[in-house]
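Next come the chains, spelled out residue by residue.
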Protein chains: 2
Amino acid sequence: MVATKPAKAPAMPLDIAPIENVPLRVQVAEQLRSAILSGRLRPGTSLVETALAEQMNVSRTSIREAIQLLENDGLVESIAYKGKRVKPLTEREVAETYSLREVFEVMAVRRILENGAPLHQLRVHCDAMTDAAARGDFEGLVAADEAFHHSVIELADHALLLASWKSLYMRIHQIMALRNRDERNLEEVAGNHPPIVDALAAGDTDLAVRLISEHTQTLATFDPATIAQDP
Amino acid sequence: MVATKPAKAPAMPLDIAPIENVPLRVQVAEQLRSAILSGRLRPGTSLVETALAEQMNVSRTSIREAIQLLENDGLVESIAYKGKRVKPLTEREVAETYSLREVFEVMAVRRILENGAPLHQLRVHCDAMTDAAARGDFEGLVAADEAFHHSVIELADHALLLASWKSLYMRIHQIMALRNRDERNLEEVAGNHPPIVDALAAGDTDLAVRLISEHTQTLATFDPATIAQDP
DNA sequence: TGTTTATGGATTGTCGACAACACACAACCG
DNA sequence: CGGTTGTGTGTTGTCGACAATCCATAAACA
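Note that the structure is predicted; figures quoted are calculated from it, not measured.

Participant: For this particular structure, what's the right way to read the protein's contact with DNA strand C?
Facilitator: In the vicinity of DNA strand C lie 22 residues, with Arg60(A), Leu24(B), Ser59(B), Thr61(B) and Lys82(B) positioned nearest. Atoms of DNA strand C within 4 Å of the protein belong to the sugar or the phosphate in 71% of instances, the rest to bases. A distance of 2.3 Å separates a base oxygen of DNA strand C from a polar atom in the side chain of Arg60(A). Side-chain polar atom of Thr61(B) to a base nitrogen of DNA strand C: 3.5 Å apart, as the coordinates give it. Counting only elements with at least two residues in the surface near DNA strand C, the list comes to α2 (49–56), α3 (60–72) and β3 (83–86) of chain A together with α1 (24–37) and α3 (60–72) of chain B.

Here it is in structure tokens:
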């Protein structure tokens, strides 16, 4: 075996886009998930397999399996022989979701401070948030905020934590989409993050934990009326 | 409507066991899950739908859906168009599982101390552990230990936390089944728990957190060789 | 009239058959 | 001999049809 080349030398180095083979159930799941997370499918809406199958022009099997995928995400609940529906969101569930998120993020912060991690990416996201806030770009701010927290979890270098956080954050997405976007001060939200990075850089565990904890709690406020669900 | 009776008066008050209608996929999932958690199906074992369908005498559909249920539990992983197999257990995953469990239990302890909760049940489980240890009953000790920790989580009164913990604890079950039962001192394991209850009763947050934290970490020790998987 | 028993429609659950796919190995050609 | 191109086999993916179940409403009965 010649060692100068990496095992396989492609005859055509041109990087043609690889056509990916995504199973139907996954495509269906993505569409439905997007609809739920964006609030187009409200909590309580019943999901009828036959109807969806016809509507999306796929077999009922694919719909079925897609819905089961959403069940794993905790976005759909099903009662045997009765039906499946978008999981209703109770006030209690919202509170639990945010409290668990807080624990996740605090855990991440602790791990980052224990094991060390490059903080550059966090600063990039902070800047993105500041820019978005300056532009009055709400969507951009939200996206950058998610990217920031996602990075925090990633830096903790804990695959299970990351997976759990992602699953949890989905519901947070949904909640945020359902609630009237209370136009709180964009600048303020953006400004909340740099101190967290600073505390991490300074190695100040207590401060970092307190800041991230307060921050996640802040966003947990919500108005129950805004997440009323369909029967 | 007459108000003296609760809506429906059963003609036969005899409490006959209601024959429950469990979907096939669930029965299949329970069997497979039990096999995985007990170590009869080792990590890495590939699960072939057709084979299982014939073996268990149900349609491939039911097997398929059952396996997807196990995927939700994180016990099975699947690669599209290639196959499904019992999720391999890496040393890292084991460590992550136990560290996340620690965070869950610490969270539970904190909540119990904040909101208050009756501790009677915990004492009962402690006694059961002591008894089992005195009898040299390993199985009994493990069962009581799980019951104790389950109760701790339940007392935290947090449905999402409880669900997450249950899912996580499944893997701990699996790990314990796979590892050579290192006959550590039964009395010692049993003795670790009452101080936790005492700290809870005394309202000593720091001590309770430290005790539960140390306790979960203790059990995280394992020998990688004992969880070697099949190809 | 009040209670029980059919009956119908809507929905999920289960099935067997066929299609799509990935991989390994044989056949072919320079 | 090296590399490419068929071909076969085992697996998952998708489908449409039928069975089981639940619920509401109507019919039958005392």
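Participant: In this structure, what is going on with the interface of chain A and chain B? I would like to understand it.
Facilitator: Interface size is often expressed as the accessible area that is lost when the parts come together. Contact with chain A, which involves 27 residues of that partner, is made by 27 residues of chain B. Across the contact surface, chain A and chain B share four salt bridges. Between Arg92(A) and Asp157(B) there is a salt bridge whose closest N-O contact spans 3.0 Å. Where chain A packs against chain B, one counts 13 residue pairs in polar contact (both at pLDDT 80 or more).

Participant: Would you mind showing me how to read the protein's contact with DNA strand D here?
Facilitator: Not every one of the 21 residues close to DNA strand D is listed here, only the nearest: Leu24(A), Ser59(A), Lys82(A), Asn21(B) and Arg60(B). Within 4 Å of the protein, the atoms of DNA strand D are drawn from sugar and phosphate moieties in a proportion of 71%. Note that a base nitrogen of DNA strand D is positioned 3.4 Å from one of the side-chain N or O atoms of Thr61(A). Among the secondary structure elements, those contributing two or more residues to the surface near DNA strand D are α1 (24–37) and α3 of chain A together with α3 and β3 (83–86) of chain B. Sorting elements by how many residues they give to the surface near DNA strand D places α3(A) first, with three residues. Grouping the constituent residues of the surface near DNA strand D by class yields eight nonpolar, five polar and eight charged.

Participant: For this particular structure, what's the right way to read the side chain of His149(B)?
Facilitator: Residues and elements named next belong to chain B. Structurally, the position occupied by histidine 149 is in helix α6 (residues 138–155). Within polar-contact distance, the side chain of histidine 149 engages the side chain of glutamate 105 at 2.7 Å. Beyond its immediate chain neighbours, meaning those up to four positions away, histidine 149 contacts Arg101, Glu105, Trp165, His193, Ile212 and His215.

Participant: In this structure, what is going on with the relation of the copies chain A and chain B? I would like to understand it.
Facilitator: For the pair of chain copies, the relating operation is a rotation around an axis with a shift along it. The two copies are related by a screw operation: chain A maps onto chain B through 180° of rotation and 0.0 Å of translation along the axis, at an RMSD of 0.1 Å. Expressed as a symmetry operation, the mapping of one chain copy onto the other fits a two-fold axis. When C-alpha positions in chain A are compared against the rotation axis, the closest is assigned to Asn72(A), at 2.7 Å. With an isologous cut-off of 70% or more, the 100% of interface residues of chain A that recur at the interface of chain B puts this contact in the isologous class.

Participant: Is there a simple way to explain the sheet that holds strand β2 (residues 76–79) of chain B in this structure?
Facilitator: Note: strands within a sheet are paired through backbone hydrogen bonds, in either parallel or antiparallel orientation. All names here are of chain B. Spatially, three strands are ordered β1-β3-β2 in an open sheet, and the strand pairing comes out antiparallel. Of all strands in the sheet, those with a lone pairing partner are β1 (46–47) and β2, marking the two edges. In terms of strand pairing, β1 meets β3 through two bridges, oriented antiparallel. Bridging across to β3, leucine 47 finds its partner in lysine 84. Along the sheet, α3 contacts β1, β2 and β3; its crossing angle with β2, the most-contacted strand, is approximately 115°.

Cut-offs and rules
Residue indices follow the written sequence of each chain, beginning from 1 at its first position. Key to labels: chains lettered from A, ligands numbered from 1, both in the order written. Where local features are concerned, this predicted model is filtered to residues with pLDDT of at least 70; where side-chain atom pairs are given and counted, the filter is 80 or more; whole-chain, interface and lining totals use all residues. Computation of side-chain values: all heavy atoms of the structure, hydrogens and water removed. One heavy atom within 4 Å of a molecule or strand is enough for the residue carrying it to be called near that molecule or strand. Here a polar contact means two N or O atoms within 3.5 Å. Within protein one must be a hydrogen donor candidate and the other an acceptor candidate, and residues neighboring in sequence count only if both atoms are side-chain atoms. Each helix is a run of DSSP H or I of at least 4 residues and each strand a run of E of at least 2, with the numbering of both proceeding from the N terminus. Here, residues are in contact when the closest pair of their heavy atoms is within 4.5 Å. Just to be clear on terms, a salt bridge is a Lys or Arg side-chain nitrogen sitting within 4 Å of an Asp or Glu carboxyl oxygen. Amino acids outside the nonpolar list (Ala, Val, Leu, Ile, Met, Phe, Trp, Tyr, Cys, Pro) and the charged list (Asp, Glu, Lys, Arg) are all regarded as polar, and Gly is one of them. Superposing copies: least-squares fit, C-alpha atoms only, residues required to have pLDDT of at least 70 in both. Here, any two strands with at least 2 DSSP bridges between them count as paired. Orientation is described by axes fitted as lines to C-alpha atoms, over the contacting stretch for helices, and by angles from 0 to 180 degrees between their N-to-C directions.

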